[in-house]
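A look at the structure
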Amino acid sequence: MARLSLNQATIKRATVAEAVDGCARHGVESIGLWREPVADHGLERTAKIVQDAGLRVSSLCRGGFLTAVDNRAALDDNRRAIDEAAALRTDTLVMVVGGVAGDKDLIGARQRVADAIAELSVYAAQAGVVLALEPMHPVFCADRGVLSTLSQALDIAERHESVGVVVDALHVWWDPAVDEQIARAGRLIASYQVCDWLTPVPADVLLGRGYPGDGDIDLDRLTRQVAATGYAGDVEVEIFNAAIWAADFDEVIGEVTRRYHDVVEPAL
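Residues numbered from 1 in each chain as written. Predicted model: local features only at pLDDT ≥ 70, side-chain atom pairs only at ≥ 80, totals over all residues. Heavy atoms only, no water.

In the nomenclature of an unreviewed UniProt entry, the protein chain corresponds to Sugar phosphate isomerase/epimerase from the organism Lentzea flaviverrucosa.

Rendered as structure tokens:
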């Protein structure tokens, strides 16, 4: 399971120390961290505890939210996020680019994202960090991600040094062009994230993720497509689910390792 990474969001209530300890005990060699709990624990302390446990950081989440008409504060925050990623020794900063701004100008919002990434990419390249654009399911276009397809993310990523894309199973599996766009992405895939799409969809669609194998996504096929590009990086299990968040951390990590072994790893 050398390529398995536990995204910290899967055990949202865990502290950094609890998450790192759980990964180490279960033989998970990598962890995807989030900025808020890292800030709570302290950036330097987090870097040290991860290193002392023999883990690596597969990604830091999240930068982005670049769609405001005046996004100068967001640009400053993203530069800080790039610095944090470098301090944690990860080369991947996941970018959730933001939803439609108050003016409801979707085309304008996408252009502001493209302009901001062009500016930030220079700073990221100097820090040795890749801005990993995460296209999101269209249901999140209003509040989280105006990039809805891999094609839209790649249109930006292909223009700049140190910009790539995230292939998150939940966000891309529905796309009729996903085969073509994964092949197009190739070396620009900076992160591969897996979970499953549960039906019926809960009232809060954000929490509709399940363990791999519990839902409607053909993860075997999707994983084989990603592997065929030559992607050899970590595979993050990232689950937003209220029942899983409420469960015992140790049990959740154990189930994550089993599902990765049974559902994902055979296709790599």
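So that's the structure; there's more coming.
1. Focus: the nonpolar core
Grouped together as the largest cluster of nonpolar side chains are 74 residues, with contacts concentrated most on Leu66, Ile117, Leu131, Leu133 and Tyr192. It is helix 5 (residues 106-127) that contributes the most residues to this core, seven residues altogether. Residues Ala9, Cys61, Val166 and Ala190 belong to the second largest nonpolar core, which totals nine residues. (Core = buried A, V, L, I, M, F, W, Y, C linked by side-chain atoms within 4.5 Å. Buried < 20%, exposed > 50% of the residue type's maximum accessible area, 1.4 Å probe, protein only. Helix = DSSP H or I, 4+ residues; strand = E, 2+ residues; numbered from the N terminus.)

2. Some words on empty space enclosed by the protein
By the definition in use, this model includes one cavity of 30 Å³ or more. The space that makes up the largest cavity amounts to roughly 50 Å³. The wall of the largest cavity is formed by Phe140, Leu170, Trp197, Leu198, Val201, Pro202, Val205 and Gly208. Its residues assigned to classes, the lining of the largest cavity comprises seven nonpolar, one polar and no charged. (1 Å grid on protein atoms, 1.4 Å probe; cavity = no way out; pocket = protein on both sides within 12 Å on 5 of 7 lines; lining within 4 Å. Points joined across faces, edges and corners; volume = space filled by probe spheres on them. Nonpolar A, V, L, I, M, F, W, Y, C, P; charged D, E, K, R; others polar.)

3. With respect to the sheet that holds strand 3 (residues 56-64)
In space, the eight strands of this closed barrel follow the order 1-2-3-4-5-6-7-10, with parallel pairing throughout. Recorded for the sheet is a direction-independent mean angle of 30 degrees between the axes of neighbouring strands. In this sheet, strand 7 (residues 189-194) lies alongside strand 6 (residues 163-168) in parallel orientation, the contact comprising four bridges. From the neighbouring strand, Val167 faces strand 7, where its bridge partner is Tyr192. Contacts between helix 5 and the sheet are confined to strand 4 (92-96), strand 5 (130-133) and strand 6, with strand 5 contributing the most and set at about 145 degrees to the helix. (Pairing = 2+ DSSP bridges. Axes fitted to C-alpha atoms, helices over the stretch in contact; angles between N-to-C directions. Contact = heavy atoms within 4.5 Å.)

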